[in-house]
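Coordinate analysis (summary)
The primary structure of each chain is shown beneath.
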Amino acid sequence: MTTSWGKRADMLVHEEEPFNAEPTSAALAASYLTPTDTFYSRNHGPIPTLDRGTWRLDVDGLVDIRLRLSLAELQDRFEEHVVTATVQCAGNRRAGLIAVRDIPGEDPWQDGATSTAVWAGIRLADVLAEAGVTQAGGEADETHVAFQAPDVSQLARPSQAYGGSIPLAKATRPEVLLAWSMNGEALTPVHGAPLRVVVPGWIGARSVKWLERIIVRHGPSDNYFQSVAYRLLPPDADPDTAGPGNGLSLGPIALNSAILSPADDSTVSAGALAVSGYAFAGDGRRVARVDVSPDGGHTWVQADLGPDRGPWAWRLWRAQVHLAAGDALLVAQAWDGTAAAQPSEAEHLWNPKGYVNNACPRARVHAVHR
Ligand SMILES: Nc1nc2c(c(=O)[nH]1)N[C@H]1C(S)=C(S)[C@@H](COP(=O)(O)O)O[C@H]1N2
Ligand SMILES: [Mo]
């Protein structure tokens, strides 16, 4: 069996070109940190192979001093920082929305368009400071930091290189990195070598790979993937005619969770059953609790939460429920530190591009005596 881009053979590959693949639930559940060969990969165009030696990062726009730096210069001049962060695509769990109503032209991601790694690199804030950009009071609301990559996407209208932006207020936070390493090793081509942005707590689309240029500007980027895609349209909107600025801009991640085991529609032994999965609160919030129901939401037990590696990374969880023989509907529901819970129904969340399905995950199981 052939594997693309250094990924394990059992990846669920949605598309080879552009390469879009997610790990199985079992692979994702096997460890807190997702091994690089297991980490999902989301791409909108061909994966560029950049030469580390000749590659340069440009920083310009509304800066006092323009910068043009090699990788070695970045590594010499700035202090290295390490952040454990979950990256999560806004399209994660889209399959649950497609089950409500079809979403043509978008990949049916299951629960694996999210993964967690240890990222090392430098703080975007430090590079911005070197260019004379600091977070100055009220201006931070209108000032945005845009990222430009070289991979040209035919999916954009018109076709263009990938880009996006975040507000200066987020860009200057200590968790936002320009990362050159993932899980202790140099970034691989598919994950953005030699340098990518990692915006912990925000949708994966803002963690721009193969970063070549940082532009400080008034307002968000005009790039298609900022101004048109990755916006949450109302259910009755036509995605084919939606233009720049329509719908809600997606940035901070919404509270979400998934059941990774048992699989939906599986046969299990009656009696004690372990149910496990992940939960992620998004933008600096904490997962406060995960509840699991063995009976479609009538009764609940609390899951045990696994290791806490800070607000930028997911929590794995596990609960034990007791099932009589017969069919049962397992449901999980995560709560965050503001006592907000996941919405119950995917049907109420359906949107034309299929983003942000954070409905309570469900798994139907058939319990048998054996
Ligand atoms: N240059 C570039 N950066 C990109 C993308 C892309 O297509 N091109 N995809 C984005 C999206 S939508 C996601 S979810 C993450 C996925 O990161 P990964 O492939 O390392 O998992 O990368 C983001 N950065
Ligand atoms: Mo994404």
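It should be emphasised that the depicted structure is a prediction, and the values quoted were computed from it without experimental measurement. (Residues numbered from 1 in each chain as written. Chains lettered and ligands numbered in written order. Predicted model: local features only at pLDDT ≥ 70, side-chain atom pairs only at ≥ 80, totals over all residues. Heavy atoms only, no water.)

1. Structural notes on the overall build of the protein
Helices and strands together make up the secondary structure of the protein, namely 6 helices and 23 strands. Rg of the C-alpha trace for the protein: 21 Å, near the compact-globule value of 21 Å for 370 residues, within the 12% margin. Its C-alpha atoms put the protein at 70 × 45 × 45 Å along the principal axes. Put simply, the protein has 370 residues, and 54% of those count as buried. Long-range pairs, those at least 24 residues apart, make up 71% of the contacts in the protein with a sequence separation of at least 6. As displayed, the protein offers around 15,300 Å² of accessible surface, 50% of which is attributable to carbon and sulfur atoms. (Helix = DSSP H or I, 4+ residues; strand = E, 2+ residues; numbered from the N terminus. Rg over C-alpha atoms; globule rule 2.2 N^0.38 Å. Buried < 20%, exposed > 50% of the residue type's maximum accessible area, 1.4 Å probe, protein only. Contact = heavy atoms within 4.5 Å. Areas by Shrake-Rupley, 256 points an atom, 1.4 Å probe, with all protein chains shown as cover.)

2. Looking at the domain arrangement of the protein
Each assigned domain of the protein is listed here: domain 1 (4-249) and domain 2 (256-368). Taking the mean C-alpha position of each, domain 1 and domain 2 sit 27 Å from one another. Residue-level contacts link 45 residues of domain 1 with 31 residues of domain 2. Between domain 1 and domain 2, the buried area comes to about 3,300 Å², and carbon and sulfur atoms account for 60% of it. On the domain 1 side of the interface with domain 2, the three residues burying the most area are Tyr 32, Arg 93 and Leu 97, jointly 25% of the side's total. Our count for the contact surface shared by domain 1 and domain 2 stands at 2 salt bridges. At the surface where domain 1 touches domain 2, the tally comes to 20 residue pairs in polar contact (both at pLDDT 80 or more). Counting only elements with at least two residues in the side of domain 1 that touches domain 2, the list comes to helix H1 (25-29), strand E5 (80-88), helix H3 (95-98), strand E6 (114-123) and strand E13 (231-232). The dominant element in the side of domain 1 that touches domain 2, judged by the number of residues it contributes, is E5, at 5 residues. Of the residues that constitute the side of domain 1 that touches domain 2, the class distribution is 22 nonpolar, 13 polar and 10 charged. (Domains from an automatic or database assignment. Buried area = accessible area lost by both parts, 1.4 Å probe. Salt bridge = Lys/Arg side-chain N within 4 Å of Asp/Glu carboxyl O. Polar contact = N/O pair within 3.5 Å; in protein donor to acceptor, adjacent residues only side chain to side chain. Nonpolar A, V, L, I, M, F, W, Y, C, P; charged D, E, K, R; others polar.)

3. Some words on the pattern of salt bridges
Taken as a whole and judged by the stated rule, the model has 16 salt bridges. Residue Asp 60 pairs with Arg 213 through a salt bridge whose shortest N-O separation is 3.1 Å. Here the residue Asp 60 occupies a position in strand E3 (residues 57-61), and Arg 213 occupies one in strand E12 (residues 213-218), the gap between them amounting to 153 residues. When its relative accessible area of 7% is taken as the criterion, Asp 60 is described as buried. Residue classification places Arg 213 among the partly exposed residues on the basis of a relative accessible area of 36%. Between Asp 308 and Arg 286 there is a salt bridge, with its nearest N and O atoms 3.0 Å apart. Highlighted residues: Asp 308 in the loop between strand E20 (304-305) and strand E21 (315-323) and Arg 286 in the loop between strand E17 (271-280) and strand E18 (287-293), separated in sequence by 22 residues. What makes Asp 308 partly exposed here is its relative accessible area of 43%.

4. With respect to unusual backbone geometry
A cis amide bond, omega -5 degrees, links Glu 17 with the succeeding residue Pro 18. Considering the arrangement of structural elements, one finds Pro 18 in the loop between strand E1 (12-15) and strand E2 (20-22). Cis rather than trans, the peptide bond between Ala 193 and Pro 194 has omega equal to 5 degrees. The phi torsion at Asn 183 lies on the positive side, around 55 degrees, for a residue other than glycine.

5. Observations concerning the sheet that holds strand E4 (residues 67-69)
Strand pairing in a sheet takes place through backbone hydrogen bonds and is either antiparallel or parallel in direction. In spatial order, the strands read E4-E3-E12-E7-E8; together these 5 strands make up an open sheet with mixed pairing. The two strands at the open ends of the sheet, each matched to only one other strand, are E4 and strand E8 (160-167). Adjacent strand axes in the sheet meet at a mean angle of 20 degrees, parallel and antiparallel pairs treated alike. Summarising the sheet, strand E7 (residues 143-153) and E12 pair through 6 bridges and their orientation is antiparallel. Bridge pairing in E12 links Gln 148 to Arg 213. (Pairing = 2+ DSSP bridges. Axes fitted to C-alpha atoms, helices over the stretch in contact; angles between N-to-C directions.)

6. Describing the nonpolar core
Counting 71 residues, the largest nonpolar core has Trp 119, Leu 124, Leu 178, Ile 214 and Tyr 230 as its most contacted members. With 5 residues, strand E9 (residues 177-182) is the largest single contributor of residues to this core. Two domains each put at least three residues into this core: domain 1 (4-249) and domain 2 (256-368). Look past the residues within four positions of Leu 178 in its chain and what remains in contact with it is Leu 57, Gly 121, Ile 122, Leu 124, Val 127, Leu 195, Arg 196, Val 197, Leu 211 and Ile 214. Counting residues in hydrophobic clusters, the runner-up holds 22 residues, among them Val 275, Val 290, Ala 363 and Ala 367. (Core = buried A, V, L, I, M, F, W, Y, C linked by side-chain atoms within 4.5 Å.)

7. Things to note about the site of ligand 1
Neighbouring ligand 1 are 19 residues, the closest being Tyr 40, Asp 151, His 191, Arg 196 and Lys 209. Here an oxygen atom of ligand 1 and a side-chain polar atom of Ser 41 are 3.1 Å apart. Computed on the free molecule, ligand 1 has an accessible area of 530 Å², of which 100% lies beneath the protein chains in the complex. A per-class count over the shell around ligand 1 returns 9 nonpolar, 6 polar and 4 charged. (Near = heavy atom within 4 Å.)

8. A few points about the pairing of E1
Relative to E2, E1 runs antiparallel, the two sharing 3 bridges. What sits directly across from Leu 12, in E2, is Glu 22. Remark: 4 residues form the turn of the hairpin made by E1 and E2, two consecutive strands paired antiparallel.

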